[in-house]
Amino acid sequence: MNFDFDIEQVSFQEMLRDFSLKELLPQYTKWDRDNTFPRHLWKKLGELGVNGLRIPEEYGGSGADCVMTGIAAEEIGRGDFNLTYAVMLNALASEIISNHATEELKKTWLPQIASGEKVVGVAITEPAAGTDAGGILSTARRKGDHYILNGEKSGISAATIGDMFIVFAKTDLDAGSRGISAFIVPTDLPGVECKGYDDMGNKLIGRGSVYLNDVEVPAENLIGLENRGFAQVMNGFDLSRLLIGLQCAGAAFQSIDETIEHVKNRHSFGKPLATYQGVSFPIVTHYTNLELIKWQAYRGLWLRDQGRKHSKEASSVKWLGPKMSQEAIHECMLLNGHYAYTEEMPLEQRLRDVIGLEIGDGTAQANKFVIAKEIIGKEYRPY
Ligand SMILES: Cc1cc2nc3c(=O)[nH]c(=O)nc-3n(C[C@H](O)[C@H](O)[C@H](O)COP(=O)(O)OP(=O)(O)OC[C@H]3O[C@@H](n4cnc5c(N)ncnc54)[C@H](O)[C@@H]3O)c2cc1C
């Protein structure tokens, strides 16, 4: 058993930590306050090879493994939680395309995702189907050499900034989750309309609804086989859930580092705050929790790299990672005193940002279903 990152991984980690703290962190709160998406930084991450980590080199990507992708999620999370979507969302979308789409679609989309030229999203959730993703109502009806898509996708990351969405819709209305197919839907197709929400966090990611009104999608934009879309995305979630755990932990570790500096310098009753166990023990507790999450996440990524099962590891990281990270950031806010309650410091924003991913990509309950199915048994599923 070897828990060390290799030389290549360490140098990638150091390069990204340096970039994240010097280039991203100083502007982290700016994009939130201005409510703007820094497309130039998205492209910059493309230049650094971050957007195409899970894209093979022949399509312009880095061809990196999942552990390397996890390192990027954690390190970018330290500087700008929201820009970790360039790691997580791109990894999810590009694995689906790389593993299942036609050669033509791969050649068209993967290089543009890797370079950061195009922003893509994954659209599953609907107003009436979130946790129960198999219950979506959007339809894709075959008509000649096209599919006609209708429906509303809700809660979709990158709705207002996306150039294309991988849209999941029913091609067989009577087959439940086995009747869902995935399509590449560029947002400039007639009948696609995107509207943003006023979210409490993750603001620059432009979450919102994607409306599909008789959208004519060329049949060649079908990803993989008809009715196999659900399995494609569920496999993808096993990766994105591990990355989410690390991006949240990255933001929380950074908050802890900043808080340790603060409590060493700030005095009360004649001594540094760090002297008091009422201050140091909460820091230790959260640090310990985050280390456990972090190593469970890297273990899950390593299992994925080995082609081994890792769904329960991914779900454990997904339900505990964002929760423990937001608890750690909350505690850091309190230990920094009243200034941390202002928008001058990044802590309040980190808290708002991280909470979003307690819901996105599946809530704690949805992930506990996955773990229960595996450790207790399929026959005891509630649905
Ligand atoms: C920041 C963010 C980003 C997102 N990005 C995307 C995206 O890019 N693409 C996309 O498709 N979706 C996205 N979503 C949507 C997200 O995946 C859904 O919100 C999530 O799956 C939950 O669905 P819901 O909101 O409909 O809640 P519901 O399914 O209505 O659930 C509401 C509550 O009930 C609980 N619950 C539901 N069923 C059960 C049950 N059987 N047993 C116990 N508890 C249950 C849930 O855990 C939850 O607490 C995003 C959401 C957020 C907040």
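In this text the structure is predicted, and so the values were computed from the model without any measurement. All residue numbers here refer to positions counted from 1 along the written sequence of the relevant chain. Two thresholds apply to this predicted model, a pLDDT of at least 70 for residue-level local features and 80 or more for giving and counting side-chain atom pairs, whereas whole-chain, interface and lining totals are computed over all residues. To get the side-chain values, all heavy atoms of the structure are used, and hydrogens and water are removed first.

> How would you summarise the nonpolar core if you had to cite specific residues and measurements?
Of all hydrophobic cores here, the largest spans 92 residues; its most connected members are Trp42, Ile97, Val122, Ile166, Phe168 and Leu301. Leaving out residues up to four positions away in the same chain, Val122 has contacts with Leu89, Leu92, Ala93, Ile156, Phe165, Ile166, Phe168 and Val233. Here the nonpolar core consists of buried residues drawn from Ala, Val, Leu, Ile, Met, Phe, Trp, Tyr and Cys, with membership extended through side-chain atoms lying within 4.5 Å. We call a residue buried when its accessible area falls under 20% of the maximum for its residue type, exposed when it is over 50%, and partly exposed in between, using a 1.4 Å probe and counting protein chains only. Ala140, Ala169, Val185 and Ala219 belong to the second largest nonpolar core, which has 19 residues in total. We call two residues contacting when some pair of their heavy atoms lies within 4.5 Å.

> Could you give an account of unusual backbone geometry, naming the residues involved and the relevant values?
Of note, Asn227 is a non-glycine position whose phi angle comes to about 70 degrees, a positive value. Relative to the assigned elements, Asn227 resides in the loop between β8 (222–223) and α7 (229–265). For Asn227, a relative accessible area of 22% puts it in the partly exposed group. With phi around 70 degrees, Asp361 is a residue other than glycine that occupies positive phi space. The helix and strand labels rest on DSSP assignments: H or I over at least four residues marks a helix, E over at least two residues marks a strand, and numbering proceeds from the N terminus.

> Outline a nonpolar patch on the surface, listing residues and values.
Patch criteria: residues need more than 30% relative accessible area and no salt bridge. Like-charged residues are merged within 9 Å; nonpolar side chains of Val, Leu, Ile, Met, Phe, Trp and Tyr are merged within 5 Å. The protein chains shown are the only cover counted for residues, whose accessible areas, like all others here, come from Shrake-Rupley with a 1.4 Å probe. Basic side-chain nitrogens of Lys or Arg form a salt bridge, by our definition, when they fall within 4 Å of a carboxyl oxygen of Asp or Glu. Together, Ile375, Ile376 and Tyr380 give the surface a local cluster of nonpolar side chains, amounting to about 390 Å² of exposed area. Secondary-structure assignment places Tyr380 in the segment after α11 (364–375).

> Quick one: what's the story with the site of the ligand, residue by residue and with numbers?
The nearness test applies per residue and asks whether one of its heavy atoms lies within 4 Å of the molecule or strand. As a matter of local geometry, the ligand sits amid 17 residues, with Val122, Ile124, Thr125, Thr131 and Thr363 nearest to it. As used in this structure description, the phrase polar contact means that two N or O atoms lie within 3.5 Å; if the pair is within protein, one of them must be able to donate a hydrogen and the other to accept it, and residues adjacent in sequence are counted only when both atoms belong to side chains. Between the ligand and the protein, one listed contact pairs an oxygen atom with a side-chain N or O atom of Thr131 at 2.7 Å. Gly155 places a polar main-chain atom, nitrogen or oxygen, 3.0 Å from a nitrogen atom of the ligand. Relative to its free-state accessible area of 980 Å², the ligand is covered by the protein chains to the extent of 64%. Looking at the shell around the ligand, the elements that each hand over two or more residues are β1 (120–123), β3 (146–156), α10 (347–359) and α11. Counting contributing residues per domain, the shell around the ligand is built from domain 2 (121–226) and domain 3 (230–380), each supplying no fewer than three. Segmentation of the chain into domains, including their bounds, is taken from an automatic or database domain assignment.

> Outline the packing of aromatic side chains, supporting the account with residue identities and numerical values.
Note on aromatic pairs: the rings of Phe, Tyr and Trp (six-membered ring only in Trp) are paired at centre separations within 6.5 Å, and the planes decide the class, stacked below 30 degrees, edge-to-face beyond 60, tilted for the rest. Going through the model one piece at a time under the given rule, you end up with 7 aromatic pairs. Aromatic pair Phe3 and Trp295: ring centres 6.2 Å apart, planes at 85 degrees, arrangement edge-to-face. In this pair, Phe3 sits in the segment before α1 (7–24) while Trp295 sits in helix α8 (residues 277–305), placing the two residues 292 residues apart along the sequence. Measuring from ring centre to ring centre gives 5.9 Å for Phe5 and Trp295, while their planes differ by 35 degrees; the resulting arrangement is tilted. Taken as a pair, Phe5 in the segment before α1 and Trp295 in helix α8 lie far apart in primary sequence, 290 residues in all. Within the aromatic cluster, the residues linked to one another by ring pairs are Phe3, Phe5, Trp295 and Tyr298. Taking NZ or CZ as reference, Lys368 lies 4.0 Å from the ring centre of Trp319, over its face. The rule for a charge over a ring is simple: NZ of Lys or CZ of Arg within 6 Å of the ring centre, and within 35 degrees of the ring normal.

> Talk me through the packing of α7 against α8; I want residue IDs and the actual numbers.
Their axes nearest at 9 Å, the elements α7 and α8 cross at an angle of 155 degrees. Accordingly, the angle class assigned to the pair α7 and α8 is roughly antiparallel. Remark: the crossing between α7 and α8 carries left-handed chirality. Here the nonpolar group is Ala, Val, Leu, Ile, Met, Phe, Trp, Tyr, Cys and Pro; Asp, Glu, Lys and Arg are the charged ones; every other residue, Gly included, is treated as polar. Looking at side-chain class alone, the contact of α7 with α8 contains 18 nonpolar, 7 polar and 4 charged residues. Interaxial angles span 0 to 180 degrees and are taken between N-to-C directions of axes, which are lines fitted to C-alpha atoms, for helices over the stretch in contact. In these notes the angle categories are as follows: under 35 degrees is roughly parallel, over 145 is roughly antiparallel, 65 to 115 is roughly perpendicular, and the rest is oblique. In this scheme the handedness of a crossing depends on how the near helix is turned from the far one: anticlockwise by less than a right angle means left-handed, clockwise means right-handed.

> How would you sum up the environment of Val263? Please name residues and give values.
By the element assignment, Val263 lies in helix α7. A residue is classified by how much of its surface remains accessible, and Val263, at 2% relative accessible area, is buried. The spacing of Val263 and Thr275 is 12 residues in sequence and 8.4 Å in space, taken between C-alpha atoms. Sequence-distant contacts of Val263, defined by excluding residues within four places in its chain, comprise Pro272, Leu273, Ala274, Val279, Ile283 and Leu335.

> Any details on a negative patch on the surface? Residues and values, ideally.
A grouping of Glu58, Glu103, Glu104, Asp145, Asp214, Glu216 and Glu220 is seen on the molecular surface, where their side chains present a negatively charged patch. Of all the elements in the fold, those that place two or more residues in the negative patch are α6 (103–115) and β7 (208–218). Summarising the element assignment, Glu58 is placed in the loop between α3 (39–47) and α4 (66–79). Given the relative accessible area of 66%, Glu58 is considered exposed. Counting rule applied: Lys, Arg positive; Asp, Glu negative; His and chain ends not counted. A single reference atom marks each charge: NZ on Lys, CZ on Arg, CG on Asp, CD on Glu.

> Which residues make up the pattern of salt bridges, and what values do they have?
Close approach of charged atoms allows side chains with opposite charge to pair. Taken as a whole, this structure holds 24 salt bridges when the rule is applied. For Glu348, the salt bridge is made with Arg33, and the minimal N-O distance between the two is 3.2 Å. In this pair, Glu348 is assigned in helix α10 and Arg33 in helix α2 (residues 28–34), connecting sequence segments 315 residues apart. For Glu348, a relative accessible area of 13% corresponds to the buried category. In this structure, the salt-bridge partner of Lys294 is Glu291, at a minimum N-O distance of 3.8 Å. Linking Lys294 with Glu291, this pair stays in helix α8, spanning 3 residues, or about one helical turn. Glu291 sits in the partly exposed class, given a relative accessible area of 21%. Overlapping salt bridges, with partners in common, bring together Asp32, Arg33, Glu343, Glu348 and Arg352 in one network.

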